[in-house]
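Here are the chains, one letter per residue:
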Amino acid sequence: MSAAQGPATLDLLVELSDALVTDLDVDGLLEKLTNRCVELVGAQVAAIMLADSRGTLRLLAAAPEYATWIDLLEASHTPGNWSFATGLPVSDADLDVPDPRWAAFARQAREGGFRSVTAVPMRVRGEVIGVFNVLRHRAGWLTPEQLGLTRSLANIAAAGLLMQHDQRYRTVLAAQSQRLLNGRVAIERARGILAESLGIGVDTALDEMRRHAARIGEGLSTVADQVVAGVPVTRHFVTDKPIQLIHRITTDTLTVLRTLVRQQITGAGLSGSAADAFLLAVHEAAVNAEEHAGGGRLWLWRHRGNLWCEVSDDGPGLEMGSWNGTNTPQPADMRHAGLWLIRRICPDAQVTSTPQGTRILLRQPIPSHPGSSFPFVDAGG
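If you're wondering where the values come from, they're calculated on a predicted model, not measured in any experiment.

What counts, and at which threshold
Residues numbered from 1 in each chain as written. Predicted model: local features only at pLDDT ≥ 70, side-chain atom pairs only at ≥ 80, totals over all residues. Heavy atoms only, no water. pLDDT = per-residue confidence, 0-100. Helix = DSSP H or I, 4+ residues; strand = E, 2+ residues; numbered from the N terminus. Contact = heavy atoms within 4.5 Å. Phe/Tyr/Trp six-rings, centres within 6.5 Å; stacked < 30°, edge-to-face > 60°. Buried < 20%, exposed > 50% of the residue type's maximum accessible area, 1.4 Å probe, protein only. Lys NZ or Arg CZ within 6 Å of the ring centre and 35° of its normal. Axes fitted to C-alpha atoms, helices over the stretch in contact; angles between N-to-C directions. Parallel < 35°, antiparallel > 145°, perpendicular 65-115°, else oblique. Nonpolar A, V, L, I, M, F, W, Y, C, P; charged D, E, K, R; others polar. Pairing = 2+ DSSP bridges.

**Q** What exactly am I supposed to notice about the confidence of the model for the chain here?
**A** When pLDDT is low, close inspection of the predicted coordinates is not appropriate. When pLDDT is averaged along the chain, the result is 81; 78% of the residues meet or exceed 70. When pLDDT is averaged over each element of the chain, strand 3 (residues 90-92) comes out on top at 97 and helix 1 (residues 5-21) at the bottom at 60. Per-residue pLDDT stays below 50 along residues 370-381; that stretch engages in 24 contacts with residues further than four places along the chain or on separate chains.

Structure follows, in structure tokens:
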């Protein structure tokens, strides 16, 4: 192990031990394990396979990408299958001359640019429940230190899964594993919906869902369920759906978007001047995104007594640089009249602008009694 790897490994142990003793988020733990394995072992892919209720290995988590490697890793004859069956680490140091037991896997792996693979079993109380896979673009064996680190990560993954179960862990583990696998499918579905709705790539959509999960304090699976549940089946507002709207901003959608936002605002319990003012602030933010960045994205949701709306774009940023909301443009500055109006309506609006884009986050308290309203706030003093 190099001198640089020593501190990195220590940091990893601290990070993972903290994750195990706090409120455990299994999805988050597995994501940390695979990402850090890629960094510390010099791999291109790290993947966790878990046996379902029928004993078939299924891909549960992978870094840096999940969906790309499902067909490769869930094939019937792989080093991971042999590791699972034997309970021993299995490696192929040169897939150009592979072991005949997984010749088809080696051919597909080489097409993906991989030259070597290592699979390490994951155990719970002596029972093999899955496999930790490491794939690299270069041929060669893992060093003893790298193999030891991979086995440690596999043990931590198994420990994280075990901590969620009671004495009847075998039955519960199978059910929990199936739930996690189902949750992964839901996440993939949700990010596809989000990508299509906002006109962004699926990787960017996943980043957006993770960011939204962090800001509302929920797990990624919960956010995925909310995204799917919020898909409109008709053009009309449905009262039993969650107060959430995810929409692309373009010149052609501004009018219909204003109508959809009003429907959501009304459904959240806002009316009168509060509803009109918040709708105006959201509309101004959307217009700014369309005028200055050629379009953007809108995400509206209800959380803990407030209605929130974020409008973001991928434009060049505001002229004044990174504008964090501490400055309030004056009405005479017509270049930023929209921001001036937004700050008057939502004085605590958070605006972040970089050369990669701008985000505007708006908040509107929801009255305890529907029908009450809030006055138009003058933030200019």
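Additional details are given in the paragraphs that follow.
**Q** Would you mind going over the packing of aromatic side chains with me for this structure?
**A** Centre distance and the angle of the planes are the two values used to describe a pair of aromatic rings. Applying the stated criterion across every chain yields a total of two aromatic pairs. Residues W69 and F114 carry aromatic rings whose centres are separated by 5.1 Å and whose planes lie at 70° to one another, so their mutual orientation is edge-to-face. Taken together, the residues W69 in the loop between strand 2 (57-63) and helix 3 (70-73) and F114 in the loop between helix 5 (103-111) and strand 4 (116-124) connect sequence positions 45 residues apart. Grouping residues by exposure puts W69 and F114 together as buried. Each ring, one from W301 and one from W308, has its centre 6.4 Å from the other, and the planes form 10°; the classification is stacked. Its guanidinium or amino end placed over the ring of W82, R101 lies 4.6 Å from that ring's centre, counting from NZ or CZ. R215 extends its terminal NZ or CZ atom over the ring of W299, reaching a point 5.4 Å from the ring centre.

**Q** I'm lost on the environment of L206 in this one. Help?
**A** By the element assignment, L206 lies in helix 8 (residues 202-216). Using a relative accessible area of 11% as the deciding quantity, one classes L206 as buried. Considered as a pair, L206 and A195 are 11 residues apart in the sequence and their alpha carbons are 8.5 Å apart. Once residues lying within four places of it in the same chain are set aside, the contact partners of L206 are I187, R191 and L220.

**Q** Which parts of the structure should I look at to understand the packing of helix 8 against helix 9 (residues 220-229)?
**A** Each pair of packed helices can be summarised by the angle the axes make with each other and by the distance between the axes. Taken N-terminus to C-terminus, the directions of helix 8 and helix 9 make an angle of 110°; their axes are 9 Å apart at the nearest point. As summarised for this structure, helix 8 and helix 9 are arranged roughly perpendicular, according to the angle between their axes. Here helix 8 contributes L206, M209, R210, H212, A213 and I216 to the contact with helix 9, which in turn contributes L220, V223, A224, Q226 and V227. For the contact of helix 8 with helix 9, the residue count by class is eight nonpolar, two polar and one charged.

**Q** What should I look at first to understand the pairing of strand 7 (residues 296-303) in this one?
**A** A regular strand carries its side chains on alternate faces of the sheet. In terms of residue burial, strand 7 counts as a mostly covered element, since seven of its eight residues are buried. In this sheet, strand 7 lies alongside strand 6 (residues 244-249) in antiparallel orientation, the contact comprising six bridges. Of the residues in strand 7, the one forming a bridge with R248 is R297. Looking at chain direction, strand 7 and strand 8 (residues 306-312) are connected through seven bridges and run antiparallel. Bridge assignment links H303 to a residue of strand 8, and that residue is N306. In textbook terms, the turn of a hairpin is the stretch between consecutive antiparallel strands, and for strand 7 and strand 8 this stretch comprises two residues, one of which, R304, has a positive phi near 50°.

**Q** Would you explain the sheet that holds strand 10 (residues 357-365) in this entry?
**A** Adjacent strands of a sheet pair through backbone hydrogen bonds, lying either parallel or antiparallel. Strand order in this open sheet of five strands is 6-7-8-10-9, and the pairing throughout is antiparallel. The two strands at the open ends of the sheet, each matched to only one other strand, are strand 6 and strand 9 (350-354). Shown here is a sheet whose adjacent strand axes are inclined to one another by a mean of 10°, direction ignored. Where strand 8 and strand 10 come together, seven bridges link them in antiparallel fashion. When the bridges of strand 10 are listed, L307 appears paired with Q364. On the sheet, helix 8 packs against strand 6, strand 7, strand 8 and strand 10 and is oriented at approximately 30° with respect to strand 7. Along the sheet face, helix 11 (residues 272-293) touches strand 6, strand 7, strand 8 and strand 10 and points at about 175° away from the line of strand 10.

**Q** What should I look at first to understand unusual backbone geometry in this one?
**A** Excluding glycine, residues mostly have negative phi values, and the peptide bonds linking residues are mostly trans. Geometrically, the link from A63 to P64 is a cis peptide bond, its omega value of 5° lying close to zero. Looking at where P64 falls in the secondary structure, it is placed in the loop between strand 2 and helix 3. Positive phi, normally seen in glycine, also occurs at R125, with a value near 50°. Tracing the chain through its elements places R125 in the loop between strand 4 and strand 5 (127-136). According to the relative accessible area criterion, R125 is exposed, its value standing at 55%. Its identity as a non-glycine residue notwithstanding, R304 has a phi of 50°, on the positive side. Tracing the sequence through the fold places R304 in the loop between strand 7 and strand 8.

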